[in-house]
Amino acid sequence: MMEHSLVQQTEQVLEWHQLLNALANEAASSLGAEHCRVLAFAQDLETARRQQQETFEMVQMVDGASPLPPLAFPDIRPLLPRAAKGGFLEGSDLRDISTVLFMSHGTVQWLEGHREACPIVSKRSAAFQELSRVRQTIDHCIDAHGNLRESASPLLHQLHQKSQELRHTIRRQLESLLSSQQYEDRLQGQYFAERENRYVIPVKVERQHEVDGIIHDISSSGATVFIEPRNLIELNNAIKFAELQVSQEARRILQDLSNVVAESVVPLQENVEQLAELDCLVAKARLSRRIQGVPVQLNQDSCIHLIQAKHPLLVLSKDHVVANNIHIEGVIDTLIISGPNAGGKTVTLKLVGLMALMVKAGLLPPCAPDSEMIFFERVYADIGDTQDLSRDLSSFSGHILSLIALLDHLQTHPTVLPHASLVLLDEVGSSTDPIEGAALAEAILSRLSDLGCVSIVTTHYPSLKTLAYRNPHVRNASQEFDMERLSPTYRLIDGIPGGSSALEIANRLGLEPAILQQARELIQREDRDLEQVFQQLQKTCAHFEGERAHVQTQHQEARRLFEEARMIREQLLKQERDDRQRYRKQWQREFSQAQRQVSHIVETLKKEKTLSQAQNVRQSLAHIDRHIKKQLPGNDGSSFITPKAGDRVEIDDLGTVGILQEDLEGKKQVSIRVGSRTIKIAPSSIRLDSSSGSKHKPQSQTRRDLLISSSISTNSSMKTGVYQHEHDLRGTRLEDALEATIAALDQALMDQAKYVKIIHGLGSGALKTGIRNLCQASPYTKSFRAGDPAEGGDGVTIIELK
């Protein structure tokens, strides 16, 4: 009983029910709104985390392309007990039940179709009961407006047809009667009507005795009487009897449908409950989106780390709300908030209290995504004036009685885990002598700490403002006061106490200056000095906070510019690499074609025995090759970087790579080691190798190396066994090796070389066979053979060019 009273008091002072009313307004159904107003709290950490994740999943779906359709279903709960007792349900009642069943079916389909996007929410589909047979039975007999269909039964259809035929018959007779001369002067008008479900004609009151029949009604003016002609009585009776038969059959059908519903009352109740809970979940998502709520990390490790937190009710009612950071962690279990009146201290208390309740109820609090919150098993708050004149309770007495009840409950019902209870106290120890009140407040906070509670309190007492410097479990915070504008800013400053600024606020509100001056003179010097210290601390803290924010902004801008520059550089380098690769492929295609043409010319010239002309053509082609290479950029952005000694470089004129032996600066020629030889070449003819990106060549050659690299000797001959064009293709895939061999033959032809040495190794023999088959078919090859033992034996193929 005591705990229930404390919980009620807490929810009242924190205005929890106002938040629940805002939640209920987001529901689509009346039953969903009821669930919102009595929202239950999670009893353990895992349940709270699951509920929070459920709400977050639904927020994403509400904002997504295929949200759950609104669950505006009717409340059929009163109908089900009636049906269960054999009662009769009207057509509109059955239509509402069909609507619930239709929404249940559609909701299950939606949940099943969003299992990946909503893995937790979609599990709710298992709780729905399959009642498609009941819905189909109802829909066969009841239309969307709650009316019984004529096709509900063959007999009903037959009776409807009979009734309609009788009505057509009597209408024809009435029309004939109205057009006859016998009734021309007796009728008030050329029409007929129905009274008490019987057809009648309007007769002038003074001529009523001239019409044989039964009077059913008289007009409001008294000038017309409505008479059922005697010759139509039997036909009217037949119509009445047919309609009674229709009503009797309709009631039988509705009773049968009611019995069908009665057989499924329990699963229907389960489906209604599931729809209400799901509607409540959608309402949580919509409210969380309105207040810009996000999931927070829940813990039981005494860590509150709320970043940019806002009071949810203020977010709903105001366009701009000041966000604050609130920190309690480590050995700290008490936060003392000081500062000016009307500065936001109580708002901060309620903010923390509401967020502690929100995370237990599956609502996403309005704060930054990296925030953390303790899962509190219990939340207690004593905020506001508890004065009760009917019970002779002063404000002080009321607060003390609340604290007595709270302490008694905490001691008789301890929690299993420490820091499982949150206690919020506004102006603790106030409304009495300041010295005694401050001492009492400090003692109460000490007891709450011993009981394992996390306490957040507000105060104006100087001794409590300095408690953090005497107690390692206490931390200070203060609401900022702008001394220049003499008004609160509602910003919470962490780590320092704040002055009350009572005189400044009184001055701003218009209190007489003479009174203020006298009050300043009455304040003791030490108290005045302490107030000035608090004000100076806030001013210094505000200055550093501004500087920190400025530095953080500059840091973020620098990072943004750095990332932007990095992305631009990467884009430029990629574009250059792509261009180089495109140019090289184009050149290779064109030059291969030119080489084939030259080969054809050479063969023709050889047949005509004008080899000198062929040599001239080859020299021209080699000159063109060197010219094109000079026009082509490298493979990547390495052309922007000056090679240094030890770097791997590309030699454009030779189409190969080597290791630079010295720096380029001030030299007309530099030394480059190519294979086991060192050559001299102009710095303008080399650039940093694009395939390595480092000073050390990788163990395995790249595909491009296989196409253009070789071990070069400036003077070589077949006799010495050293070849100008020597290519090591061991460990290469057959396809790449064949391409490299073709490129080697092209290069040798341009350099007017006589021999090419291909090192392929023995291995499985596939590489050797492929290369020698290529030599057999190549128009450049005059002959080829395996190497001598000194040259490498059968692991080498020596190619003689034409």
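None of these values were measured; they are calculated from a predicted model.

A. Here's a closer look at the sheet that holds strand E12 (residues 453-458). Spatially, the 6 strands line up as an open sheet ordered E10-E11-E12-E8-E13-E14, and their pairing is mixed. Looking at the sheet topology across the chains shown, the edges are occupied by strand E10 (378-382) and strand E14 (487-494). Across the sheet, the mean angle from the axis of one strand to that of its neighbour is 15°, orientation sign disregarded. Sheet analysis places strand E11 (residues 421-425) next to E12, joined by 5 bridges and oriented parallel. Following the sheet pairing, Leu-425 is matched in E12 by Val-457. Each of E10, E11 and E12 is contacted by helix H13 (residues 395-412), which is oriented at about 165° to E10, the strand it contacts most.

B. Structural context of the confidence of the model for the chain. Per-residue confidence for the chain gives a mean pLDDT of 83, with 83% of residues at or over 70. By mean pLDDT, helix H20 (residues 703-708) is the weakest element of the chain at 40, and helix H2 (residues 16-24) is the strongest at 96. Every residue in residues 633-640 scores below 50 in pLDDT, and together they form 25 contacts with partners more than four places removed in sequence or on other chains. Considering only residues more than four positions removed or in separate chains, one finds that residues 693-721, a stretch of pLDDT under 50, has 59 contacts.

C. Up close: the pattern of salt bridges. The tally for this structure, following the rule as stated, stands at 40 salt bridges. Close ionic contact of Asp-217 with Arg-195 constitutes a salt bridge, the shortest N to O distance being 2.9 Å. Here Arg-195 lies in strand E1 (residues 193-195) and Asp-217 lies in strand E3 (residues 213-218), a separation of 22 residues in the sequence. What makes Asp-217 partly exposed here is its relative accessible area of 29%. Within the structure, one salt-bridge network assembled from shared partners comprises Arg-50, Glu-54, Arg-124 and Glu-277.

D. Layout of the side chain of His-35. Of note, His-35 is situated in helix H3 (residues 30-37). Here His-35 falls in the buried class, since its relative accessible area comes to 19%. A polar side-chain atom of His-35 sits 2.8 Å from a polar atom in the side chain of Glu-273. In this structure, His-35 is in contact with Glu-273, Ala-276, Glu-277 and Cys-280, ignoring residues within four places of it in sequence.

E. Structural detail: helix H7 (residues 132-141). Val-134, Arg-135, Ile-138 and Cys-141 are the residues of H7 that are buried. Burial along H7 is one-sided: seen end-on, the buried residues are contained in an arc of 135°.

F. Representation of the state of the cysteines within the structure. Following the criterion strictly, the structure yields 0 disulfides and no others. Free cysteine: Cys-280, not disulfide-bonded; nearest cysteine sulfur from Cys-36 at 3.6 Å. Given a relative accessible area of 6%, Cys-280 falls into the buried group.

G. Representation of the sheet that holds strand E20 (residues 725-728). The strand order across the open sheet built from 4 strands is E20-E21-E23-E22, with neighbouring strands paired in mixed fashion. Bordering the open sheet on either side are E20 and strand E22 (781-786), each of which pairs with just one other strand. Going from strand to strand, the sheet's axes swing by 20° on average, the running direction of each strand aside. Relative to strand E23 (residues 796-801), E22 runs antiparallel, the two sharing 5 bridges. Counterpart to Phe-784 in the pairing with E23 is Ile-799.

H. How the structure looks around the nonpolar core. Leu-14, Trp-16, Met-373, Phe-376, Leu-422 and Ile-456 are the most contacted members of the largest nonpolar core, which totals 59 residues. The element contributing the most residues to this core is helix H12 (residues 345-358), with 8 residues. Setting aside anything within four residues of it in sequence, one finds Phe-376 in contact with Ile-304, Ala-356, Lys-360, His-419, Ala-420, Ser-421, Leu-422 and Val-454.

Rules used in this analysis
Residues numbered from 1 in each chain as written. Predicted model: local features only at pLDDT ≥ 70, side-chain atom pairs only at ≥ 80, totals over all residues. Heavy atoms only, no water. Pairing = 2+ DSSP bridges. Helix = DSSP H or I, 4+ residues; strand = E, 2+ residues; numbered from the N terminus. Axes fitted to C-alpha atoms, helices over the stretch in contact; angles between N-to-C directions. Contact = heavy atoms within 4.5 Å. pLDDT = per-residue confidence, 0-100. Salt bridge = Lys/Arg side-chain N within 4 Å of Asp/Glu carboxyl O. Buried < 20%, exposed > 50% of the residue type's maximum accessible area, 1.4 Å probe, protein only. Polar contact = N/O pair within 3.5 Å; in protein donor to acceptor, adjacent residues only side chain to side chain. Arc of directions from axis to C-beta. Disulfide = S-S within 2.5 Å. Core = buried A, V, L, I, M, F, W, Y, C linked by side-chain atoms within 4.5 Å.

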